[in-house]
Amino acid sequence: MIEKNYQPADIEGRMSRLWEEAGAFKAGRPERRDAQPFTIVIPPPNVTGSLHMGHALNNTLQDILCRFERMRGRDVLWQPGTDHAGIATQMVVERQLTERQEPGRRAMGRTKFLERVWQWKAESGGVIVNQLKRLGASCDWSRERFTMDEGLSRAVVKVFVELHRQGLIYKDKRLVNWDPKLLTAISDLEVQQVEVRGSLWYLRYPIEGKTFSPDDPATFIVVATTRPETMLGDTAVAVHPDDDRYTHLIGKHVILPLVGRRIPIVADEYSDPERGSGAVKVTPAHDFNDFEIGKRHALPQISVLDQEGRLALVGNEDYLRGLPEGSTQFAEEMHSVDRFAARKRIVARLEDFGFLEKIEPNTHMVPHGDRSGVVIEPFLTDQWYVDAKTLAQPAIAAVRSGAATFVPKNWEKTYFEWMENIQPWCISRQLWWGHQIPAWYGPDGKAFVAESEDEAVGNALGYYVEQEVITPEQGREMALDPSKREGFITRDEDVLDTWFSSALWPFSTLGWPDETPEVKRYYPTNALVTGFDIIFFWVARMMMMGLHFMKEAPFSTIYIHRLVRDEKGAKMSKSKGNVIDPLGVIDDYGADALRFALTREAAQGHDIRLSPHLVETNRNFATKLWNACRFAEMNGCVQPAGFDPHQAKQTLNRWIAHETSRATREVTEAVETYRFNDAANATYRFVWNVYCDWYLELAKPVLLEEEGAAKAETRAMVAWARDQILKLLHPFMPFITEELWAVTAKREGLLALAAWPRKAGTLTPEQLAAISTTSPSDALISPVIIALDAGEFSDPDAEAEIGWVVDLVTSIRSVRAEMSIPPATLTPLVLANASEEITERAPRWSDVIKRMARLSDISFADRTPEGAVQLLVRGEVAALPLKGVIDLSAERTRLDKEIAKAEADIKRVDAKLSNEKFVANAPEEIVEEEKEKREAAVERRAKIVEALQRLKNAS
């Protein structure tokens, strides 16, 4: 018995428990041992995370694919798990220590601190997993993995050691994004560009050999900079080789103000003659672009800041080298001064000595740490790197060959641009939480990379015996007695970038490096669903690692979705106060409503605008389905054993079979091609418009009849179509459909494991076997029977008859709405010059059409009566005589005014959109909103023009 009211909160927890108890989502179920596998790996959310709308969208789309393929009989593995999230997790635990007034990380020591992190993970690390279950994610939760699990950690060490042996991992001194608060290198993804109202300082650098005078431009060259504090590390001035103002200075030198260092003027195309003064200072140790200029011109790299962003000058041999005598006083004055305080002091001193020409306001983007909130410093330091350029080549080739495909395809261009210009990947982080780098250092600093400390010790002892640093006897003693080698080698304290372990996710989660049955069966995976913002950080790196270690691309399809924005198109952020909490939405409307709302809006290549109203609309859809199933139950609609819908005799029932088949084809093909919104909207239209609004309405008179064959068939057909709807809708709205599947009939098994309605051309294994044992001629003789067995059904005659009724009623309703005819006013309908087919058909449906279209009567005539509005319905003319019903002249006047208003709206928007300044400066969401206003006005005008034309024809 179906409850009177649809209450998602009463259903969702119960359905989750039902699935879990049945092991519905486990990969490798016995009955699917021989089925074709379908594998997706979840983008592992941070263990510190909480469900946000991006997660909700991403995991809903993955779940649709998994439920769809599971119903199609495949052995589905949706591999779940979480990421250890190095910086985020370490920060959470450190904050917890501070709040509890306990000793800090360094006072506690590494071992004790890591114990506390594992303790926090055990107590609080599973929050997001339970939230994903609330969303309905049908992962194989029995296989949940964590990137710091023992097995995954072993894979990480194996990959690091192998790549190092192959020369693809190495240590180098390069610039990194350095966080002066967290004291670690961070990835580009952890850097947030913030618009800052700053300044552009124009500085005079004296030309060597000339007596500097602020009043004589021939004695200096002006450079423009946003960071005057780093000038202490300048090693050149760069000008464009084609800039006529400076060509005579190329090859000469300037004397660095305040410092006295002699530095060259070099020609480099990076300098922009149109920007600033056209000359730039080059500080290779403190700017990524300058680092590249420095490499091109073999310039020294002079770092003048320490890890905390303070000037580091005293004892800095690179800084002091080559300076004139007496320069140490300035170094001592400025040593250990914070970078921003140093900026003010340096600018003041430059001004005092006449080296400051001018200051201009300058709004520019400044990198900030997304977690620390401080300005990120390009910092020259020794780090571990992956030779990404070498690993990228097979990954580029895999996408070019089609072994892996992006959907939408335009993302391939983004992928290629980044991969073809890829830089070395910095993989070391100055943290404690994470995979500690498997490298040990000998007494002279030489690194020994190995899978274990024992292996590293053995390698180190062998090396130092060979180098005669220790004797063979000492080597043997140290090998046999660990106490005698204590302190001989020390392990690298750094950990690996979180993305390093994530790059192995598609195969490490399956048990690699062991040759497990899971690796053989489920790798490579079928599809990856992810956001565009991590194409570089995760997708590309999984491609590189998968191809290098597994010799196959880790997935064949990469579906990229866009952002979930607020209803106005603005990006959600805490600072704007427009963040929509998915868990709050689930509490208010149910998980199914949220999932369906997101999916219906998830058009390829487009952001999603989400509002409470949108979710409420889809909650109303769920209620509509619920009530339709209650209607079927109250009218005794059940499917008798052996019922074959294709043998239905009633035209209406054959029509719904035809429409069900068409909807199945549309939904199936849309999901297969990752057009999730098309699939969801096709389902929506079929359920709401076709089944509820038309089929059930047209079936009501039959269901009210006395018992008989027509009524029995219609009852069975209502139940059959309902069941097909529950199947089609299940991947999108799993909770309500599973509940209705359970309560609408006595069934064996769950809907989650039921068979998907098959479209034409998709046969069961038994049918395929039957065809394979049939002679070719037999197979050709009975294609229709095969198609019908496969679930496809087509009845053009039934579609023509019922389709005409539907279109006729819809057209009449549209005209009544356009002309503002009150519902109580019944109008006549004239079928003009009707065909023989319509002459026979109309009387059969006369009562239905009159009731649904609010008509007084239906008649036939040779021509259209005067003063009638003409409708063309499937090539047949229908006319509504409206003279005397409405004032035709007044209605024309009203519609003329409506057209003028619509055209004024279009003109107003066009004026804005043709204004380049408006388009360039207005927020993206405002521009999009104006475009949508224009589309709505154009659509409104088209409808009014159509209505006006009808009135003119009626005159």
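Refer to the structure above for everything that follows.
Everything quoted here is computed from the prediction, not taken from an experiment.

1. A look at the overall build of the protein
Scanning the protein from terminus to terminus reveals 34 helices and 29 strands. Structurally, the protein occupies a C-alpha span of about 110 × 75 × 60 Å along its principal axes. By residue count, 52% of the 955 residues in the protein fall in the buried class. Excluding contacts between residues fewer than 6 apart, the proportion of contacts in the protein whose partners are at least 24 apart in sequence is 76%. Total accessible area computed for the protein in this model is approximately 43,400 Å², and 49% of it derives from carbon and sulfur atoms. Computed over 118 positive and 141 negative side-chain charges, the inter-centroid distance for the protein is 3 Å.

2. Observations regarding unusual backbone geometry
The omega torsion across Val407 and Pro408 is -5°, close enough to zero to call that bond cis. Inspection of the secondary structure puts Pro408 in the loop between β15 (405-407) and α13 (411-420). Cis peptide bonds are those with omega within 30 degrees of zero, and the linkage from Trp512 to Pro513 qualifies with 20°. When you line up the elements, Pro513 lands in the loop between α17 (505-508) and α18 (517-522). Phi angles above zero are rare outside glycine, and Tyr674 is one such case at about 65°. Counting through the fold element by element, Tyr674 comes out in the loop between α23 (651-672) and α24 (676-703). Owing to a relative accessible area of 11%, Tyr674 belongs among the buried residues under this scheme. The phi torsion at Arg874 lies on the positive side, around 50°, for a residue other than glycine. Its place among the elements puts Arg874 in the loop between β28 (868-873) and β29 (876-881).

3. With respect to the sheet that holds strand β7 (residues 191-206)
Taken in spatial order, the three strands of this open sheet run β8-β7-β13, and their pairing is antiparallel. Edge positions in the sheet fall to β8 (220-225) and β13 (356-369), since each has one partner strand and no second. Mean inter-strand twist for the sheet, computed between neighbouring axes without regard to direction, equals 20°. Here six bridges tie β7 to β8, and the two strands are oriented antiparallel to one another. Each residue of the ladder has a partner; that of Tyr205, found in β8, is Ile221.

4. Observations concerning the packing of helix α2 (residues 53-71) against helix α6 (residues 127-135)
One way to put it is that α2 packs onto α6 with a least axis distance of 10 Å and a crossing angle of 55°. On the basis of the axis angle, α2 is oblique to α6. By crossing handedness, the relation of α2 to α6 is classed as right-handed. In contact with His55, Ala56, Asn59 and Thr60 of α2, α6 contributes Ile128, Leu132 and Leu135. Residues of the contact of α2 with α6, tallied by class, amount to four nonpolar, three polar and no charged.

5. Quick word on the pairing of strand β11 (residues 262-267)
For a regular strand, side-chain orientation follows a simple rule: the groups alternate between the two sheet faces. Pairing analysis gives three bridges linking strand β9 (residues 236-239) to β11, with the strands arranged parallel. Bridge pairing in β11 links Val239 to Ala267. Of the pairings in the sheet, the one linking strand β10 (residues 253-255) to β11 comprises three bridges and is antiparallel in character. From the neighbouring strand, Val254 faces β11, where its bridge partner is Ile263. Where β10 folds back on β11, the antiparallel hairpin that results is connected by six residues, among which Leu258 adopts a positive phi of roughly 70°.

6. Some remarks on helix α12 (residues 388-401)
Between its first and last C-alpha atoms α12 spans 20 Å; for 14 residues at 1.5 Å apiece the expected length is 20 Å, and the two agree. Buried within α12 we find Ala388, Leu391, Ala392, Ala395, Ile396, Ala398 and Val399.

7. Description of the environment of Met365
Along the polypeptide, Met365 turns up in strand β13. Taking the C-alpha atoms as reference, Met365 lies 9.4 Å from Gln192; in sequence the two are 173 residues apart. Residues in contact with Met365, not counting those within four places in the same chain, are Gln193, Val194 and Glu195.

8. Considering the packing of α6 against helix α20 (residues 582-589)
One way to put it is that α6 packs onto α20 with a least axis distance of 11 Å and a crossing angle of 40°. At the point where α6 passes α20, the crossing takes the left-handed sense. Residue-level inspection shows Gln131, Arg134 and Leu135 of α6 in contact with α20, the latter providing Leu583, Ile586 and Asp587. Considering only residue class, the contact of α6 with α20 consists of three nonpolar, one polar and two charged.

9. Remarks on the pairing of strand β27 (residues 855-861)
Here strand β26 (residues 827-832) runs beside β27; their pairing, made up of five bridges, is parallel. Bridge pairing in β27 places Thr827 opposite Leu855. Crossover connection from β26 via helix α31 (residues 836-853) to parallel β27: handedness right-handed.

10. Thoughts on the side chain of Arg541
Tracing the chain through its elements places Arg541 in helix α19 (residues 535-550). Within the buried core, Arg541 has no salt-bridge partner, and the shortest N-O distance to an opposite charge, that of Asp497, equals 4.1 Å. Beyond its immediate chain neighbours, meaning those up to four positions away, Arg541 contacts Trp418, Trp425, Asp497, Trp499, Ala503 and Phe536.

11. A closer look at the sheet that holds β10
Spatially, four strands are ordered β10-β11-β9-β12 in an open sheet, and the strand pairing comes out mixed. Each end of this open sheet is capped by a strand with a single partner; those strands are β10 and β12 (279-282). Taken pair by pair, the neighbouring strands of this sheet meet at an average axis angle of 30°, ignoring direction.

The rules we used
Residues numbered from 1 in each chain as written. Predicted model: local features only at pLDDT ≥ 70, side-chain atom pairs only at ≥ 80, totals over all residues. Heavy atoms only, no water. Helix = DSSP H or I, 4+ residues; strand = E, 2+ residues; numbered from the N terminus. Buried < 20%, exposed > 50% of the residue type's maximum accessible area, 1.4 Å probe, protein only. Contact = heavy atoms within 4.5 Å. Areas by Shrake-Rupley, 256 points an atom, 1.4 Å probe, with all protein chains shown as cover. Lys, Arg positive; Asp, Glu negative; His and termini not counted. Charge placed at Lys NZ, Arg CZ, Asp CG, Glu CD. Pairing = 2+ DSSP bridges. Axes fitted to C-alpha atoms, helices over the stretch in contact; angles between N-to-C directions. Parallel < 35°, antiparallel > 145°, perpendicular 65-115°, else oblique. Left-handed = near helix turned anticlockwise from the far one by under 90°. Nonpolar A, V, L, I, M, F, W, Y, C, P; charged D, E, K, R; others polar. Expected span 1.5 Å × (residues − 1). Right-handed = clockwise from strand over helix to strand, strands pointing away. Salt bridge = Lys/Arg side-chain N within 4 Å of Asp/Glu carboxyl O.

By themselves, these figures tell us nothing about what the structure is for.
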